[in-house]
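# Structure assessment
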Amino acid sequence: YYLNFAQNPEAEALAARENAGEARTMTDLSNIVREIALNNKIDESRDFANFIQKAMFDGMRQTNSETRNLGVKQAPFMVLIGATMPSILAEISFITNKTEAGLLKTTGYRQEISEALLDGITSYQKSLIKTKITLASN
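Residues numbered from 1 in each chain as written. Predicted model: local features only at pLDDT ≥ 70, side-chain atom pairs only at ≥ 80, totals over all residues. Heavy atoms only, no water.

What follows covers the overall build of the chain. When you go through the chain residue by residue, the secondary structure sums to five helices and two strands. Tracing the chain from N to C terminus, the helices and strands come up as β-α-α-α-β-α-α. Each of the 138 residues in the chain was classed as buried or not, and the buried ones make up 28%. Long-range pairs, those at least 24 residues apart, make up 76% of the contacts in the chain with a sequence separation of at least 6. As displayed, the chain offers around 9,100 Å² of accessible surface, 55% of which is attributable to carbon and sulfur atoms. (Helix = DSSP H or I, 4+ residues; strand = E, 2+ residues; numbered from the N terminus. Buried < 20%, exposed > 50% of the residue type's maximum accessible area, 1.4 Å probe, protein only. Contact = heavy atoms within 4.5 Å. Areas by Shrake-Rupley, 256 points an atom, 1.4 Å probe, with all protein chains shown as cover.)

Here we take up the layout of surface pockets. Of the voids in this model, the largest pocket is the one considered here, and its volume is about 450 Å³. Tallying contributions element by element places helix H3 (residues 42–63) first for the lining of the largest pocket, with six residues. (1 Å grid on protein atoms, 1.4 Å probe; cavity = no way out; pocket = protein on both sides within 12 Å on 5 of 7 lines; lining within 4 Å. Points joined across faces, edges and corners; volume = space filled by probe spheres on them.)

This next bit is on the pattern of salt bridges. Tallied over the full model, the rule gives four salt bridges. Across the pair Lys-54 and Asp-58 runs a salt bridge whose closest N-O atoms are separated by 2.6 Å. Pair noted here: Lys-54 and Asp-58 are both in helix H3, with a separation of four residues, about one helical turn. The partly exposed category is assigned to Asp-58, whose relative accessible area is 23%. Two residues, Asp-58 and Arg-61, come together in a salt bridge whose shortest N-O distance is 3.5 Å. With Asp-58 and Arg-61 both in helix H3, this residue pair falls three residues apart, about one helical turn. Residues joined in a network through salt bridges with shared partners are Asp-43, Arg-46 and Asp-47. (Salt bridge = Lys/Arg side-chain N within 4 Å of Asp/Glu carboxyl O.)

Here we come to H3. Taking 1.5 Å of rise per residue, the 22 residues of H3 would be expected to cover 32 Å, and the 32 Å separating its terminal C-alpha atoms lies within 8% of that figure. Within H3, the full set of buried residues consists of Ile-42, Ser-45, Phe-48, Ala-49, Ile-52, Ala-55, Met-56, Phe-57 and Met-60. (Expected span 1.5 Å × (residues − 1).)

Moving on, we get to helix H1 (residues 9–19). For an α-helix, 3.6 residues make a turn, and residues three or four places apart therefore share a direction. Those residues of H1 lying buried are Ala-11, Leu-14, Ala-15 and Asn-19. Projected onto a plane normal to the axis of H1, the buried residues spread over an arc of 125° and lie on a single side. Among the exposed residues of H1, those pointing more than 90 degrees away from its buried face are Pro-9, Glu-10 and Arg-17. Its buried side turned inward, H1 meets strand S2 (74–75). (Arc of directions from axis to C-beta.)

Now the structure itself:
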């Protein structure tokens, strides 16, 4: 997930559930809307989320062939509001899924998750370097 307005009811409901424990409440809605609208990191966060999603899916399906690619989504998660850099919220597994719950108990699977996250971060970083070099040469 990256910070933006939710485009489907499921993402909106998930953000509402997750945001319920936050000190900020929906009474702060006008401030939240303003922060999202003024966030100049939405495009970068979307790109970052895509790199992480690809790395996570590629890495996890090697161990768990049942892994599904649920794609990158956007929603107004409070934990992402106010970030001054590209930021995402990664859903890495579902403990309600028996297969994933079992895998999460193993050190090896957790290591694979951390390596996939690192691969995604590194790929995103390399894309920024390539963009910077391209812009400098123009």
